[in-house]
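# A structural walkthrough
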Amino acid sequence: MEAEANSGSPEDSWAFIQRPGEGCRTVPLAGHVGFDSLPDQLVNQSISQGFCFNILCVGETGLGKSTLMDTLFNTKFEGEPATHTQPGVQLQSNTYDLQESNVGLKLTIVSTVGFGDQINKEDSYRPIVEFIDAQFEAYLQEELKIRRLLHNYHDSRIHACLYFIAPTGHSLKSLDLVTMKKLDSKVNVIPIIAKSDAISKSELTKFKIKITSELVSNGVQIYQFPMDDEAVAEVNGTMNAHLPFAVIGSTEELKIGNKMVKVRQYPWGTVQVENEAHCDFVKLREMLIRVNMEDLREQTHSRHYELYRRCKLEEMGFKDTDPDSKPFSLQETYEAKRNEFLGELQKKEEEMRQMFVQRVKEKEAELKEAEKENKSCL
């Protein structure tokens, strides 16, 4: 082997054997290595797999949730208008396959039908929380399978919650504060003022300040557009100052000048949906779809889902370390919980057996007593 390696000069041979005392030879690269193409490979893989995005629209009936979704994605989604006669809050989920250029998006829109319509609104938030937890639980169960298919799994976890606030111009309702407080640890909450053309510009400014103040004083953690990426830090910082967004939705188009624009027409004038002087619709669309959609997906997985997963596993008795700060063995924890369950089962069986024996003895005593009474009567 050594003879073959030294058959040519060290400069001409790749199979060069270094002997003690000899210096290390620097081999120049013959060409481009190519690992700088990894981002391109990830992009191509992501495009081929497609993306999913799930939006939860929470708000009272009649605030224009469906219309805003149609306007945001420039698509007429199928659906029937909700009525005010629902006995309780029901969540209605619809999934659509959208295509823009060569990028596919599986969009799921979940709407809260009947929210705020009941006389007793105390538990109106509960079906929403249960729905979000159910999506987390479904993903967790898929993760815990022996044969996982997460690459083909339709992720139904909610990535963004658009909370529609009625344009009262005064303050938030108790229902709004309670619901957002219950949701802020489970989903990215983005508050928006619906049908904002219903109040004047000066009232709208005061209303935004009032909403922000009430959210802070009640400890409601709404989603903040990320500031850690230098490329979008400036624009996100500006947009954070505009929260909550005052929006208007409409699919009606009117030719103004030489182009068609989405508008809402009134007897006193026309409101242009995509005119930033009229509303914040463009800001919402840019922040939600173009700039921060991937961050919303990442926050859902790394923050909200991880919190749910950790709590569930801790309830099942799993921990990262034991009291001595040593790593927990999954197998040992499982065996301990299994033995604990079997012990409790045996204990219950023994208690039932003892109870059965006791009742048999009591019944026998009753029969003997009755037999004695019969004999004395005879």
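Residues numbered from 1 in each chain as written. Predicted model: local features only at pLDDT ≥ 70, side-chain atom pairs only at ≥ 80, totals over all residues. Heavy atoms only, no water.

## Looking at the confidence of the model for the chain
Close inspection of predicted coordinates is inappropriate for parts of the model with low pLDDT. Averaged over all residues, the pLDDT of the chain is 86; the fraction at 70 or higher stands at 89%. Contacts for the low-pLDDT stretch residues 1-17, under 50 throughout, to residues beyond four places or in other chains number 14 contacts. (pLDDT = per-residue confidence, 0-100. Contact = heavy atoms within 4.5 Å.)

## Some thoughts on the environment of A336
Secondary-structure assignment places A336 in helix 10 (residues 330-377). Measuring from C-alpha to C-alpha, the distance between A336 and G317 comes to 9.3 Å, with 19 residues separating the pair along the chain. (Helix = DSSP H or I, 4+ residues; strand = E, 2+ residues; numbered from the N terminus.)

## Quick notes on the pairing of strand 2 (residues 90-100)
Pairing of strand 2 with strand 3 (residues 103-113) involves 11 bridges; the strand directions are antiparallel. Considered in strand 3, the bridge of L98 is made with L105. Hairpin geometry of strand 2 and strand 3 is characterised by an intervening segment of 2 residues between the two adjacent antiparallel strands and by a positive phi of about 60 degrees at S101. (Pairing = 2+ DSSP bridges.)

## A word on the pairing of strand 7 (residues 253-256)
Sheet topology note: the strand 7/strand 8 (residues 259-266) ladder contains 4 bridges and is antiparallel. Bridging across to strand 8, E253 finds its partner in K262. Between strand 7 and strand 8, which pair antiparallel in sequence order, lie 2 residues; one of them, G257, sits at a positive phi of approximately 75 degrees.

## Let's talk about the nonpolar core
Formed by 73 residues in total, the largest nonpolar core has its most connected members in L162 and L288. When near neighbours in sequence (up to four residues on either side) are disregarded, L162 contacts I55, L56, C57, V58, M69, L72, I190, I192, L284 and L288. (Core = buried A, V, L, I, M, F, W, Y, C linked by side-chain atoms within 4.5 Å. Buried < 20%, exposed > 50% of the residue type's maximum accessible area, 1.4 Å probe, protein only.)

## A closer look at the sheet that holds strand 5 (residues 189-193)
An order of 2-3-1-4-5-6 is seen for the 6 strands of this open sheet, with the pairing classed as mixed. With one partner strand each, in any of the chains shown, strand 2 and strand 6 (245-246) form the two edges of the open sheet.

## Let's talk about the packing of helix 7 (residues 230-242) against helix 8 (residues 281-291)
Closest axis-to-axis distance for the helix 7/helix 8 pair is 11 Å, and the angle between their directions is 135 degrees. By the criterion of interaxial angle, the relationship of helix 7 to helix 8 is oblique. Two packed elements cross with a definite hand, and for helix 7 against helix 8 that hand is left-handed. Contacts between helix 7 and helix 8 involve V232, V235, N236, M239 and H242 from the former and K283, M287 and V291 from the latter. Across the contact of helix 7 with helix 8, the residue classes break down as 5 nonpolar, 2 polar and 1 charged. (Axes fitted to C-alpha atoms, helices over the stretch in contact; angles between N-to-C directions. Parallel < 35°, antiparallel > 145°, perpendicular 65-115°, else oblique. Left-handed = near helix turned anticlockwise from the far one by under 90°. Nonpolar A, V, L, I, M, F, W, Y, C, P; charged D, E, K, R; others polar.)

## Here's the deal with the sheet that holds strand 9 (residues 269-272)
The 3 strands are arranged 7-8-9 in an open sheet whose pairing can be described as antiparallel. Looking along the sheet, the strands with just one partner apiece sit at the ends: strand 7 and strand 9. The mean inter-strand angle of the sheet, taken between neighbouring strand axes irrespective of direction, is 60 degrees. Sheet topology note: the strand 8/strand 9 ladder contains 4 bridges and is antiparallel. Paired with Y266 across the bridge in strand 9 is G269.

## Remarks on helix 2 (residues 38-49)
The periodicity of an α-helix, 3.6 residues per turn, causes residues three or four positions apart to be oriented the same way. Taking 1.5 Å per residue, 12 residues should reach 16 Å; helix 2 reaches 16 Å between its end C-alpha atoms and fits that length. Where helix 2 ends, the next residue or the one after it, G50, has phi of about 85 degrees, a positive value. (Expected span 1.5 Å × (residues − 1).)

## Describing the packing of aromatic side chains
For the structure on display, the rule yields 10 aromatic pairs. When the ring of Y266 is compared with that of W268, the centres are 4.9 Å apart and the planes differ by 5 degrees; the resulting orientation is stacked. Under the relative-accessibility criterion, W268 is labelled exposed at 60%. Among the aromatic side chains, those forming a connected cluster through ring pairs are F136, Y139, Y153, Y305 and Y308. Between R157 and the ring centre of Y139, over which it is positioned, the NZ or CZ distance is 3.7 Å. Its guanidinium or amino end placed over the ring of Y305, R157 lies 4.9 Å from that ring's centre, counting from NZ or CZ. (Phe/Tyr/Trp six-rings, centres within 6.5 Å; stacked < 30°, edge-to-face > 60°. Lys NZ or Arg CZ within 6 Å of the ring centre and 35° of its normal.)

## Remarks on helix 9 (residues 293-315)
Over its 23 residues, helix 9 extends 32 Å from the first C-alpha to the last, a length consistent with the 33 Å expected when each residue adds 1.5 Å. Of all the bends in helix 9, the greatest, near 35 degrees, is centred on Y305. When we look at burial in helix 9, the residues that qualify are M293, L296, T300, H304, Y305, Y308 and L313. Phi turns positive one or two residues past the end of helix 9, at G317, with a value near 95 degrees. (Bend = angle between axes of the 7 residues up to and from the residue.)

## Topic: a nonpolar patch on the surface
There is a patch of nonpolar side chains on the surface, built from L29, V33, F35 and L38 and spanning about 480 Å² of accessible area. Mapped onto the fold, V33 is located in the loop between helix 1 (2-5) and helix 2. (Patch = residues over 30% accessible without salt bridge, like charges linked within 9 Å, V, L, I, M, F, W, Y side chains within 5 Å. Areas by Shrake-Rupley, 256 points an atom, 1.4 Å probe, with all protein chains shown as cover. Salt bridge = Lys/Arg side-chain N within 4 Å of Asp/Glu carboxyl O.)

## Concerning the pattern of salt bridges
According to the stated counting rule, one finds 19 salt bridges in the structure shown. With a shortest N-O distance of 3.1 Å, K145 and E142 are connected by a salt bridge. Close ionic contact of D197 with R264 constitutes a salt bridge, the shortest N to O distance being 3.9 Å. Placement of the pair is D197 in the loop between strand 5 and helix 6 (201-217) and R264 in strand 8, with a sequence separation of 67 residues.

## Some remarks on the packing of helix 4 (residues 126-143) against helix 9
Each packed pair of helices is defined by two parameters, the angle between the axes and the distance between the axes. For the pair helix 4 and helix 9, interaxial distance at closest approach is 10 Å and the crossing angle is 80 degrees. Overall, the two elements helix 4 and helix 9 adopt an arrangement that is roughly perpendicular. In contact with D133, F136, E137, Y139, L140 and E143 of helix 4, helix 9 contributes T300, H301, H304, Y305, Y308, R309 and K312. A per-class count over the contact of helix 4 with helix 9 returns 5 nonpolar, 3 polar and 5 charged.

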